There are 2 protein chains.
Amino acid sequence: MDILDVIKNRTSYRGRYKDMPVPKDDLIKILEAGVSAPSGCNKQTTSFIAVDDVKLLNEIKSLITPPVAETAPAFILVLTQKIYAYRDKCFNVQDYSAAIENMLLAVKALGYESCWYEGHITDDDDIAGKIAEHMGIPDEYKIVCILPVGKPAEDIKTAAKKPFNSRVWFNGFGTVSN
Amino acid sequence: MDILDVIKNRTSYRGRYKDMPVPKDDLIKILEAGVSAPSGCNKQTTSFIAVDDVKLLNEIKSLITPPVAETAPAFILVLTQKIYAYRDKCFNVQDYSAAIENMLLAVKALGYESCWYEGHITDDDDIAGKIAEHMGIPDEYKIVCILPVGKPAEDIKTAAKKPFNSRVWFNGFGTVSN
């Protein structure tokens, strides 16, 4: 699929997944997309843990309340480190967001679906912290996002977007292209 | 080009650009990639101003000290709004970062080069604020990034990356894939 079509067709999938494992080669391709993202001053603050071991996957899922992506055959956990680019500047949010977007596009290109679960696990009930504790992840790494990966078992619904001209302008604020 | 190859081959280009305008159709394709990015709770906090008018482009360039991308025939200014997704949660940094990555990939796929200039313009000397003031951009929008767009006039240099296995693990922290 053309990259611009993949970008346009990617959407947040919250439906059920088919009961089919994701081949390790495909997970690696998705993770390669993640590490290929740019990072502020090339600090590469983002790390990744792919989880397809059924026992561990179920343990992680049991910590997610209310549950999401219960039927996904694999998760990618996105981890960030607060590494400063210079002085008090840290671009780790930008870094992991670019990595996540790369992985979402790779997921789509390979025929899978996913969804960027961040707020749900980083809220005050700290689901991410519980997962990190369960897995023995060192304190200097913080889980910020879960990406499920799997073949969709339901229809794909696209999100409604604001009109193009309300967000994109040419040569001036609010100036619509002619 | 295959999307995974585009993702792997994208790099931050800081060289000179050829003196060739970017067709409006290509700028629109790049901007469509930007608006197609996901956003937290679909708040679509990111907006974009493409600048290819020579006079305005030069005025903006004159505000960037020390200069970057002086020879680029077009800029895309990335704007963000602090729109809350829920309670005190705002994902605008994630939103614009995903949009920037989408645009960097579209830039590469269409045969152009770019670089994510954020720290340089959002530092204490507030170059972004000076550009916003010059252009009359309302206070509720903040310029956070400039993406130059153009054909490269110099060789492309790729950034060195940490080893894959130092950032990517399987089914446990630090567990290398076999």
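None of the values given here were measured: they were computed from a predicted structure.

A. Representation of the packing of aromatic side chains in the model. Taken as a whole, this structure holds ten aromatic pairs over all chains when the rule is applied. Each ring, one from tyrosine 141 of chain A and one from tryptophan 169 of chain B, has its centre 6.0 Å from the other, and the planes form 75 degrees; the classification is edge-to-face. Of this pair, tyrosine 141 of chain A sits in the loop between helix H6 (127-135) and strand S3 (142-149) while tryptophan 169 of chain B is found in strand S4 (residues 168-170), placing the two residues in two different chains. Here tyrosine 141 of chain A and tryptophan 169 of chain B have matching classes, each one buried. In this structure an aromatic cluster arises from ring pairing among Tyr141 of chain A together with Trp169 and Phe173 of chain B. Here lysine 151 of chain B stacks its cationic end above the ring of tyrosine 112 of chain B, 4.5 Å away from the centre of that ring.

B. Here's a closer look at the layout of surface pockets. Estimated volume of the largest pocket: approximately 880 Å³. Together, 40 residues line the largest pocket, and Ser39 and Asn42 of chain A together with Ser12, Arg14 and Ala159 of chain B are the ones closest to its centre. Broken down by secondary-structure element, the contributors of at least two residues to the lining of the largest pocket are helix H2 (24-35) and helix H4 (92-109) of chain A together with helix H1 (3-9) and helix H5 (119-122) of chain B. Considered class by class, the residues forming the lining of the largest pocket number 14 nonpolar, 13 polar and 13 charged. Counted as a void, the second largest pocket has a volume near 600 Å³. For the second largest pocket, the lining is made up of 24 residues, of which Ser12 and Arg14 of chain A together with Ser39, Gly40 and Cys41 of chain B are closest to its centre. Residue assignment for the lining of the second largest pocket shows that the elements contributing at least two residues are helix H5 (119-122) of chain A together with helix H4 (92-109) of chain B. When its residues are assigned to classes, the lining of the second largest pocket shows eight nonpolar, ten polar and six charged.

C. Seen up close, the environment of threonine 175 of chain B. Residue and element names in this part refer to chain B. Relative to the helices and strands, threonine 175 is located in the segment after S4. Given a relative accessible area of 36%, threonine 175 falls into the partly exposed group. Through-space distance from the C-alpha of threonine 175 to that of asparagine 165 is 8.6 Å; in sequence the pair is ten residues apart. Excluding its chain neighbours within four sequence positions, the residues that come into contact with threonine 175 are Trp169 and Phe170.

D. Seen up close, the packing of helix H2 (residues 24-35) of chain B against H4 of chain B. All names here are of chain B. Close contact between H2 and H4 brings their axes to 7 Å; oriented N to C, the two are set at 150 degrees. In terms of orientation, H2 lies roughly antiparallel with respect to H4. Both H2 and H4 take part in a crossing whose hand is right-handed. Here Ile30, Leu31, Ala33 and Gly34 of H2 lie close against H4, whose contacting residues are Ala99, Asn102, Met103, Ala106 and Val107. When grouped by side-chain class, the residues that make up the contact of H2 with H4 number seven nonpolar, two polar and no charged.

E. Structural context of the relation of the copies chain A and chain B. Overlaying chain A on chain B yields an RMSD of 0.0 Å, the required transformation being a rotation through 180 degrees with an accompanying axial translation of 0.0 Å. On this basis, the relationship between the two copies can be described by a two-fold rotation axis. Of all interface residues in chain A, 100% are interface residues in chain B too; the two copies therefore contact each other through one and the same surface.

F. H6 of chain A, seen in detail. Residue and element names in this part refer to chain A. Within H6, burial applies to Ile127, Ala128, Ile131, Ala132 and Met135. Buried residues of H6, viewed axially, fall in a sector of 140 degrees; they line one side. Elements in contact with the buried residues of H6: strand S1 (46-51), helix H3 (54-62), strand S2 (74-80), H5 and S3. Directly beyond the C-terminal end of H6, a positive phi value near 70 degrees is found at glycine 136.

G. Structural context of the interface of chain A and chain B. Across the boundary between the two partners, chain A contributes 70 residues, which contact 70 residues of chain B. Counting each side, the surface lost to burial between chain A and chain B is near 6,000 Å², with a carbon and sulfur contribution of 59%. The three residues of chain A that bury the most area against chain B are Arg167, Asn171 and Phe173 of chain A, which together make up 12% of that side's buried surface. Close ionic contact of arginine 87 of chain A with aspartate 123 of chain B constitutes a salt bridge, the shortest N to O distance being 3.3 Å. The interface formed by chain A and chain B holds 47 residue pairs in polar contact (both at pLDDT 80 or more) in total. Going through the elements one at a time, helix H1 (3-9), H2, S1, H4, H5 and strand S4 (168-170) of chain A are the ones with two or more residues in the side of chain A that touches chain B. Class assignment for the residues of the side of chain A that touches chain B results in 40 nonpolar, 14 polar and 16 charged. Pairing analysis gives three bridges linking S4 of chain A to strand S1 (residues 46-51) of chain B, with the strands arranged parallel.

H. Representation of the sheet that holds S1 of chain B in the model. Spatially, four strands are ordered S4(A)-S1(B)-S2(B)-S3(B) in an open sheet, and the strand pairing comes out mixed. What marks the edges here is a single partner per strand, and that holds for S4 of chain A together with strand S3 (142-149) of chain B. Within this sheet the neighbouring strands show an average axis-to-axis angle of 20 degrees, counted without direction. Relative to the sheet, H2 of chain B contacts S4 of chain A together with S1, strand S2 (74-80) and S3 of chain B, its axis offset from that of S4 of chain A by approximately 155 degrees. Set on the sheet, helix H3 (residues 54-62) of chain B makes contact with S1 and S2 of chain B; between it and S2 of chain B the angle comes to about 65 degrees.

Rules used throughout
- Residues numbered from 1 in each chain as written.
- Chains lettered and ligands numbered in written order.
- Predicted model: local features only at pLDDT ≥ 70, side-chain atom pairs only at ≥ 80, totals over all residues.
- Heavy atoms only, no water.
- Phe/Tyr/Trp six-rings, centres within 6.5 Å; stacked < 30°, edge-to-face > 60°.
- Helix = DSSP H or I, 4+ residues; strand = E, 2+ residues; numbered from the N terminus.
- Buried < 20%, exposed > 50% of the residue type's maximum accessible area, 1.4 Å probe, protein only.
- Lys NZ or Arg CZ within 6 Å of the ring centre and 35° of its normal.
- 1 Å grid on protein atoms, 1.4 Å probe; cavity = no way out; pocket = protein on both sides within 12 Å on 5 of 7 lines; lining within 4 Å.
- Points joined across faces, edges and corners; volume = space filled by probe spheres on them.
- Nonpolar A, V, L, I, M, F, W, Y, C, P; charged D, E, K, R; others polar.
- Contact = heavy atoms within 4.5 Å.
- Axes fitted to C-alpha atoms, helices over the stretch in contact; angles between N-to-C directions.
- Parallel < 35°, antiparallel > 145°, perpendicular 65-115°, else oblique.
- Left-handed = near helix turned anticlockwise from the far one by under 90°.
- Least-squares fit on C-alpha atoms with pLDDT ≥ 70 in both.
- Arc of directions from axis to C-beta.
- Buried area = accessible area lost by both parts, 1.4 Å probe.
- Salt bridge = Lys/Arg side-chain N within 4 Å of Asp/Glu carboxyl O.
- Polar contact = N/O pair within 3.5 Å; in protein donor to acceptor, adjacent residues only side chain to side chain.
- Pairing = 2+ DSSP bridges.

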